[in-house]
Amino acid sequence: MPPRRRGSRGEEMAEASKEGGINALPDELLQHVLSLLSADEAVKTCVLSRRWRHLWRSTDVLRLDADKERWKSSKRFKKFVNHLVLFRGCSPLREFDLEFSSCREKDEKGEDSDEDESDDDRGEDESDEDSDGDESDEHSDDGESDDDSDEDEDSNPFQCVMMWVMYALICQVQVLKIHNFNERYIEIDGGMPLVSQHLTKIELSGIVLKDCFLNFSSCPALKELYFTKNCCFDSVKKIFSQSMQCLRIFCCQFSEYHRTLIYAPSLIRLFLEGFWGRTPFLERMPSLVEASVRPHQDCDDWCSNTYTGNCEDEDCDGCHGMIDKIGNSSNCVLLGGLSEAKSLKLIAGPEIIIFGSDLRWCPMFSKLKNLLLNEWCLLSNFWALACILEHSPVLRKLTLQISKEAKSMMQTEENDNPLRKPAAISEHLKVVKVHCKEVDEVVYKIGKWLSTLDIKVLIKRRNQSPKRFCSSKV
């Protein structure tokens, strides 16, 4: 019986095993190596040998970087990506990573942009000039303006972003990342929601977002959502996901005239940090375990007249500046949605009123065991701290971060009214940790107040070991 004839694939593997080195590795490992490269670097490997010719097409990670050091013009980057998705086909994707680190704009290229075009393009331009003849001279002004507008459109690095995202969804992508570090925002088309049964994680930065894009009802597998570095929610009324378990919004902008509603009933971890505009309204989150909220100092929920908001000054934008208010029965914007968390971190400046305003509605933190606050809770004669302790029946660990600004804040508000005390506190709370740079009047005042509740104080100064609070003034 004649020996079996090897297929072309078998011949390539046999040749590779004889050569040794990286060529001896199976295709799966080579594809993993290619997944660590940017797409243009991965495509270049097709010239290495017959075996490498099509490996890049089946790589399950697509990394696209529009860096000006890598691409001479934005037009060339767009052309490459459009050809890439055309030749790659619908091979499944695990991760799609698109990054605009520093795109080159038309004004940076100047007249040199003409030199970046290919020889074919240059030839086409010359042929067009010859065919136009005198007519091009006769209408030179109009022709130049049309060419300029076309070049502006072609040089727009963000023009095809949504089309590339749709391609990734067709390839059943699981992780979608779009990072824009330019001063110019990417505007996502509001009429195109994401529809995917496979998408589990999204990371976005430097993007202007729309309502329709943030309706993830058609993404039932989505678990993680990250908005970082200057995403804009200015026109967003609602973020909706029934499956999302982790949400992080960092250094992003919300509208100053209305609140964005966040509906995520399956959320386990929430981080709202460094945001400005209006604090988003949180719907009930029964599965929440950990949450951290830290508004930016330019957050629009601020007031210098009162600690709890709703001052009588009609010109106060912090209290009366909203045009579109969310209709709800409790009026508890933030803490109502966080009330079922087991671990909370609430940090704010002295003029940020959102926490104090919410505490007027006395939300019950029935599951809260771990709590970290800063000096905002000391205002109004410890009213906020007393309120939280009174409504946290199972609290076990409390940490207070006290900065140097706390002293001047307390002196500004100083009055003869007695310090507030909670009617009852958790029987599990025995020790409170106070982190500070130095033990001053504010720390001493905290220690004395907590001692009246039979709670011990452990003071942790920077670069020093913790020490128990002494009743005598330091």
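- As recorded by an unreviewed UniProt entry, the protein chain carries the name F-box domain-containing protein and is attributed to Oryza sativa.

1. Brief notes about the overall build of the protein chain
- Helix and strand content of the protein chain: 16 helices and 21 strands.
- Counting the 474 residues in the protein chain, one finds 45% classified as buried.
- Across the protein chain, the fraction of contacts at a sequence separation of at least 24, relative to all contacts at a separation of at least 6, is 63%.
- Entry remark: accessible area of the protein chain is about 24700 Å², with carbon and sulfur atoms responsible for 46%.

2. Re unusual backbone geometry
- One non-glycine residue, Q172, lies in positive phi territory at about 60°.
- For Q172, the position within the fold is in the loop between α10 (161–170) and β3 (175–180).
- Judged by its relative accessible area of 40%, Q172 is partly exposed.

3. Examining empty space enclosed by the protein
- Inspection of the entire model under this criterion finds 2 cavities of 30 Å³ or more.
- Of the volumes computed, that of the largest cavity is approximately 70 Å³.
- In terms of lining, the largest cavity is formed by L37, S38, A39, A42, V43, W56, T59, V61, L62, R63 and L84.
- Secondary-structure elements contributing two or more residues to the lining of the largest cavity are α3 (39–44) and β1 (61–67).
- Looking at side-chain class alone, the lining of the largest cavity contains 8 nonpolar, 2 polar and 1 charged residues.

4. Remarks on helix α2 (residues 27–35)
- Turning to α2, its buried residues are D27, L30, L34 and S35. Burial along α2 is one-sided: seen end-on, the buried residues are contained in an arc of 145°.

5. Here we look at the nonpolar core
- Counting residues in each nonpolar core, the largest one holds 120 residues, and the members touching the most others are L194, F227, F233 and L338.
- The residues touching L338, leaving out its near neighbours within four places in the chain, are L270, L282, L288, A291, V293, L344, L346 and F365.
- With 5 residues, the next largest nonpolar core counts C303, C311, C316 and C319 among its residues.

6. Looking at the pairing of strand β10 (residues 246–250)
- As paired strands, strand β7 (residues 224–228) and β10 are joined by 5 bridges and run parallel to one another. When the bridges of β10 are listed, L225 appears paired with L247.
- Summarising the sheet, β10 and strand β13 (residues 269–273) pair through 5 bridges and their orientation is parallel. Opposite L247, over in β13, you have L270 as the bridge partner.

7. Considerations on the pattern of salt bridges
- One pass over the full model with this rule turns up 12 salt bridges.
- Residues D97 and R63 are paired through a salt bridge, measuring 3.8 Å at the closest nitrogen-oxygen approach. Of this pair, D97 sits in strand β2 (residues 95–102) while R63 sits in strand β1, and the two are 34 residues apart along the sequence.
- One network of salt bridges, in which partners are shared, links R63, E95, D97 and K177.

8. Considerations on the pairing of β7
- Here β7 lies mainly inside the structure; 4 of its 5 residues are buried.
- Two strands pair when backbone bridges link them, and strand β5 (residues 201–205) and β7 are joined in this way by 5 bridges, in the parallel orientation. Bridging across to β7, E203 finds its partner in Y226.

9. A look at the packing of aromatic side chains
- Applying the stated criterion across every chain yields a total of 10 aromatic pairs.
- Aromatic side chains F355 and W376 sit 4.9 Å apart centroid to centroid with 40° between the ring planes, which places their arrangement in the tilted category. Of this pair, F355 sits in helix α13 (residues 354–359) while W376 sits in the loop between β17 (370–374) and α14 (379–390); the two residues are 21 residues apart in sequence, bridging distant segments of the chain.
- In this structure F355 comes out as buried when scored by relative accessible area, which is 1%.

10. So, the packing of α14 against helix α16 (residues 441–451)
- Contact geometry of α14 with α16 gives a least axis separation of 13 Å together with a crossing angle of 35°. Along this stretch, α14 crosses α16, giving a crossing that reads as right-handed. Of the residues in α16, those in contact with F382, L385, A386 and L389 of α14 are K445, I446 and W449.

11. Some words on the sheet that holds strand β9 (residues 238–240)
- With parallel pairing, the 3 strands of this open sheet are ordered in space as β9-β12-β14. At either margin of the open sheet sits one strand with a lone partner, and together these are β9 and β14 (281–282).
- For β9 and strand β12 (residues 261–263), the ladder comprises 3 bridges, and the chain directions are parallel. Residue pairing across strands places I239 opposite I262, the latter belonging to β12.

12. Some points on the side chain of E95
- Relative to the elements of secondary structure, E95 occurs in strand β2.
- Given a relative accessible area of 8%, E95 falls into the buried group.
- Looking at E95, its side chain comes within polar contact range of the side chain of R63, at 3.4 Å.
- Within the local environment of E95, its side chain forms a polar contact with the side chain of K177, the two groups lying 3.5 Å apart.
- With near-sequence residues (within four places) excluded, E95 lies in contact with D60, V61, L62, R63, V173, V175 and K177.

13. Topic: the packing of helix α4 (residues 74–88) against α10
- Here α4 crosses α10 at 20°, and the two axes come no closer than 12 Å. With respect to α10, the element α4 is oriented roughly parallel. Like other packed secondary-structure pairs, α4 and α10 cross with a definite hand, here left-handed. Each of F77, K78, V81, N82, V85 and R88 in α4 lies in contact with α10, whose residues at this interface are M163, W164 and Y167.
- Residues belonging to the contact of α4 with α10 are distributed by class as follows: 6 nonpolar, 1 polar and 2 charged.

The rules behind these values
- Residues numbered from 1 in each chain as written.
- Predicted model: local features only at pLDDT ≥ 70, side-chain atom pairs only at ≥ 80, totals over all residues.
- Heavy atoms only, no water.
- Helix = DSSP H or I, 4+ residues; strand = E, 2+ residues; numbered from the N terminus.
- Buried < 20%, exposed > 50% of the residue type's maximum accessible area, 1.4 Å probe, protein only.
- Contact = heavy atoms within 4.5 Å.
- Areas by Shrake-Rupley, 256 points an atom, 1.4 Å probe, with all protein chains shown as cover.
- 1 Å grid on protein atoms, 1.4 Å probe; cavity = no way out; pocket = protein on both sides within 12 Å on 5 of 7 lines; lining within 4 Å.
- Points joined across faces, edges and corners; volume = space filled by probe spheres on them.
- Nonpolar A, V, L, I, M, F, W, Y, C, P; charged D, E, K, R; others polar.
- Arc of directions from axis to C-beta.
- Core = buried A, V, L, I, M, F, W, Y, C linked by side-chain atoms within 4.5 Å.
- Pairing = 2+ DSSP bridges.
- Salt bridge = Lys/Arg side-chain N within 4 Å of Asp/Glu carboxyl O.
- Phe/Tyr/Trp six-rings, centres within 6.5 Å; stacked < 30°, edge-to-face > 60°.
- Axes fitted to C-alpha atoms, helices over the stretch in contact; angles between N-to-C directions.
- Left-handed = near helix turned anticlockwise from the far one by under 90°.
- Polar contact = N/O pair within 3.5 Å; in protein donor to acceptor, adjacent residues only side chain to side chain.
- Parallel < 35°, antiparallel > 145°, perpendicular 65-115°, else oblique.

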